[in-house]
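Reading the structure
The lines below spell out each chain.
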Amino acid sequence: MTEILSQYSNALAEIVEAAGQTVVRVEGRRRLPASGIVWADGIVVTSHHALERDEDLRVGLPDGHAVTATLVGRDPTTDVAVLRAETPEFITTSLLAGLASLDSLRVGHLVLALGRPGQAVQATLGIVKALGDAWHAPAGGRLDRYLETDIAMYPGFSGGPLVDVEGRLLGLNTSALLRGATITVPPATLRQRVEQLLAHGRIRQGYLGVGVQPARLPAALEQRLGQDAGLLVSSVEPGSPAERGGLVLGDTLLTVEGQPVRHLDDLMAFLGIERIGHPLSLRVLRGGQAQEIRIIVGERS
Amino acid sequence: MSTLLQELNEAVAEVAERGRRSLVEVRSRGRGVGTGAVWHADGLIVTNAHVVSRGDPRVGLPDGRVLPAKVLAWDPRLDLAALTVEATGLTAMPLGASRSLRPGQWVLALGHPWGVAGAATAGVVIGTGKEWPDAPYGGREWVAVNLPLRPGNSGGPLLDAEGRLVGITTIMAGPRLGLAVPVHLAKAFLRRTLLSPPAATQPKTAIL
């Protein structure tokens, strides 16, 4: 009768053992080490907030060895940091378990969070608590999906991976992006951040120089424009791309590149690195009339 | 619906039910203060030392009897105590192996949290060993488990998927972080203390 329970128990332990091969210890703060994920040969991703210094970093490997690591870059807006460290061959082959697709993930699915605050791998079990589309973290970063679990983050688990029941990587766990919640930075966002940090040492992002807030449109305008809400411009930075493009206080952004914008997220979607230096066409409501505005996207410094 | 889940449910319930047959409540001065596990059918009970530090321990057996208990051995460093009650034919808890526990393995804690009799909570092994830099008594050897322990759970059994005793739940180190003394240390404690003259192992009486 309890066979099935033993099978379940052992299955969990097997996942931990296998996926644990890609989990390293990251020594980047005084008191307590954090965890990290071997992302590729010689590349480790970890939590930005768990690195309290930029130098004197070390990575502890599953086999017990420790190697020095160098900081490639940080992205505080998604709590991601990238390190270079000499990771042995056997770890890279374990990465073949691969990245999970969040498309088949559902609320209620079992997940395991792994950490290596000491020598041995540690683990905890939970379920997917909430799943959503693209999410804008209070810290400023945009995650391609919202993934929250009921996992209790233990000391040293920050920077460690979340894996599914197949042992595939669901992302990097952090308790620093949203107070009281365990959020997982999904693989697509991780990949994008890693690539940028490797290429530029920092995250390059488009910049307009405008402060906006969601605003409902009056019923009459809603009818005419076919849109119920937009983004009200509450500030325009002097000398900014927005000012140069002719945006003024009180304008309401209706669409960007033809797409309706109702939340900050909608606008942020057009400020990726690939937009820097390129024109963005906006439809804005000004004095009851809709008009077209063109802004050349600048770069956030 | 899923028969897999139904089977899992029944399996968990069975581990809890079997475990309860060897579960005792430790009482002191009219109140429940912790939990214990029947180690031997002839009345040998193992619990935490801190549970019996108040003196005048009594043990509530699965059959409902509440009997006075005598402290045979006491180790405050390990936080273990061995008690004996005048009862025979008790159901001893099967013993498991704590040294082979792996992170991710399923475990069940049984106890009397806040006086609720025979309550069960399930989780997984987070890890084992002596490296717990952020936990109380972090230099000691523990089985760390991701389940919520509460006052009253102290001294209770931690069971594996086969219903065997792998730890004695001792400390609540966080809202969902429990520390248990590995059963191999409990075995060593009993060997050490019960095979030596009783006089050497009497606990100091707690002065209240």
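Calculation notes
- Residues numbered from 1 in each chain as written.
- Chains lettered and ligands numbered in written order.
- Predicted model: local features only at pLDDT ≥ 70, side-chain atom pairs only at ≥ 80, totals over all residues.
- Helix = DSSP H or I, 4+ residues; strand = E, 2+ residues; numbered from the N terminus.
- Buried ≥ 20, exposed ≤ 12 C-beta atoms within 10 Å, placed from the backbone.
- Contact = placed C-beta atoms within 7 Å.
- pLDDT = per-residue confidence, 0-100.
- Pairing = 2+ DSSP bridges.
- Axes fitted to C-alpha atoms, helices over the stretch in contact; angles between N-to-C directions.
- Domains from an automatic or database assignment.
- Expected span 1.5 Å × (residues − 1).
- Arc of directions from axis to C-beta.
- Nonpolar A, V, L, I, M, F, W, Y, C, P; charged D, E, K, R; others polar.
- Core = buried A, V, L, I, M, F, W, Y, C linked by C-beta atoms within 7 Å.

Within chain B, the regular secondary structure consists of 2 helices and 12 strands. N-terminal to C-terminal, the α/β element order of chain B is α-β-β-β-β-β-β-β-β-β-β-β-β-α. Expressed along its principal axes, the backbone C-alpha trace of chain B runs to roughly 55 × 40 × 30 Å. Across the 208 residues of chain B, 49% fall into the buried class. For chain B, long-range pairs separated by at least 24 residues make up 63% of all intrachain contacts whose partners lie at least 6 apart in sequence.

What follows covers the overall build of chain A. Regarding its fold elements, chain A presents 6 helices and 22 strands. Its C-alpha atoms give chain A principal-axis dimensions of about 70 × 50 × 30 Å. Within chain A, the proportion of its 301 residues that are buried is 45%. Look at the contacts in chain A between residues 6 or more apart in sequence, and 59% of them connect residues 24 or more apart.

A few words now on the confidence of the model for chain B. In the predicted model, chain B carries a mean pLDDT of 91, and 93% of its residues have values of at least 70. Taken together, the chains of this predicted complex give a pTM of 0.85 and an interface ipTM of 0.86.

Now for the sheet that holds strand β3 (residues 44–47) of chain B. Residue and element names in this part refer to chain B. Strands sit in the order β1-β2-β3-β6-β5-β4 around a closed barrel of 6 strands; the barrel is antiparallel. With direction set aside, neighbouring strand axes in the sheet form an average angle of 40 degrees. With 6 bridges joining them, strand β5 (residues 66–75) and strand β6 (residues 80–85) adopt antiparallel strand pairing. Bridge pairing in β6 places Lys70 opposite Thr84.

What follows covers the domain arrangement of chain B. Residue and element names in this part refer to chain B. What the domain assignment lists for chain B is domain 1 (3–92) and domain 2 (106–187). On a C-alpha basis, the centres of domain 1 and domain 2 stand 15 Å from each other. At the junction of the two partners, domain 1 supplies 22 residues and domain 2 supplies 23 residues. Going through the elements one at a time, α1 (3–20), β1 (23–28), β2 (31–40) and β3 are the ones with two or more residues in the side of domain 1 that touches domain 2. With 6 residues, α1 is the largest single contributor of residues to the side of domain 1 that touches domain 2.

Moving on to the sheet that holds strand β8 (residues 122–132) of chain A. Residues and elements named next belong to chain A. Pairing in this closed barrel of 6 strands is antiparallel, and the strands run β7-β8-β11-β14-β13-β12 around the ring. Adjacent strand axes in the sheet meet at a mean angle of 40 degrees, parallel and antiparallel pairs treated alike. Relative to strand β13 (residues 169–174), strand β12 (residues 161–163) runs antiparallel, the two being bridged by 3 bridges. In the sheet register, Pro161 faces β13, and the bridge partner there is Leu172. Strand contacts of helix α1 (residues 3–19): β7 (110–115), β8 and β12, with the helix running at about 45 degrees to β7, the strand carrying the most contacts. Each of β13 and β14 (182–185) touches helix α3 (residues 187–200); the most contacted strand, β13, lies at about 75 degrees to it.

Residue and element names in this part refer to chain B. End to end, helix α2 (residues 183–194) covers 16 Å across 12 residues, agreeing with the expected 16 Å (1.5 Å per residue, within 8%). Val183, Leu185, Ala186 and Phe189 are the residues of α2 that are buried. Projected down its long axis, α2 shows its buried positions confined to an angular sector of 150 degrees, all on one face. Turning to α2, the residues buried within the fold contact β3, β5, β6, β11 (165–174) and β12 (177–182).

A word on the pairing of strand β6 (residues 80–85) of chain A. Consecutive side chains of a regular strand alternate in pointing toward one face of the sheet and then the other. Residue and element names in this part refer to chain A. Counting buried residues in β6 gives 5 out of 6 residues, a clear majority hidden from the surface. Across 5 bridges, the pairing between strand β3 (residues 43–47) and β6 is antiparallel. By the bridge assignment, Val44 is partnered in β6 with Leu83. Sheet topology note: the strand β5 (residues 66–75)/β6 ladder contains 6 bridges and is antiparallel. Looking across to β6, one finds that Ala69 is bridged to Ala85. Hairpin connection from β5 to β6: 4 residues lie between these consecutive antiparallel strands, with Asp79 at a positive phi of about 60 degrees.

Residue and element names in this part refer to chain A. Here Leu231 shows up in strand β17 (residues 229–236). For the pair formed by Leu231 and Pro260, sequence separation is 29 residues and the distance between their alpha carbons is 9.6 Å. Beyond its immediate stretch of four places on either side in the chain, Leu231 contacts Val212, Gln213, Pro214, Ala215, Thr252, Leu253, Val261 and Leu267.

This part covers the domain arrangement of chain A. In many analyses, interface size is given as the accessible surface area lost on bringing the parts together. Residues and elements named next belong to chain A. Domain annotation for chain A reports domain 1 (3–200) and domain 2 (206–299). Each of domain 1 and domain 2 has a C-alpha centre, and the two are 36 Å apart. Listed per partner, the contact involves 4 residues of domain 1 and 4 residues of domain 2. Here the residues of the side of domain 1 that touches domain 2 sort into 1 nonpolar, 2 polar and 1 charged.

Turning next to the interface of chain B and chain A. Opposite the 25 residues of chain B that make contact, chain A presents 25 residues. For the side of chain B that touches chain A, the element with the highest residue contribution is α1(B), accounting for 7 residues. Here the residues of the side of chain B that touches chain A are counted per class, giving 11 nonpolar, 6 polar and 8 charged.

One finds A:Val44, A:Leu112, B:Ile45, B:Ala81 and B:Val107 to be the most contacted residues of the largest nonpolar core, which totals 116 residues. Considering each element in turn, this core owes the most residues, 7 residues, to α1(A). Ignoring anything within four residues of it in the chain, the contact list for B:Ile45 reads B:Val24, B:Gly36, B:Ala37, B:Val38, B:Trp39, B:Val59, B:Ala69, B:Leu83 and B:Val85. Counting 20 residues, the second largest nonpolar core, distinct from the first, contains A:Leu271, A:Leu282, A:Val284 and A:Ile295.

Residue and element names in this part refer to chain B. Here α1 contains 18 residues, and its C-alpha end-to-end distance of 26 Å stays within 8% of the 26 Å for a straight helix at 1.5 Å per residue. Along α1, the residues that are buried comprise Ala11, Val15 and Gly19. Taken end-on, α1 shows its buried residues confined to a sector of 65 degrees, consistent with a single buried face. With respect to the buried face of α1, the exposed residues turned more than 90 degrees away are Thr3, Gln6, Asn9, Ala13 and Glu17.

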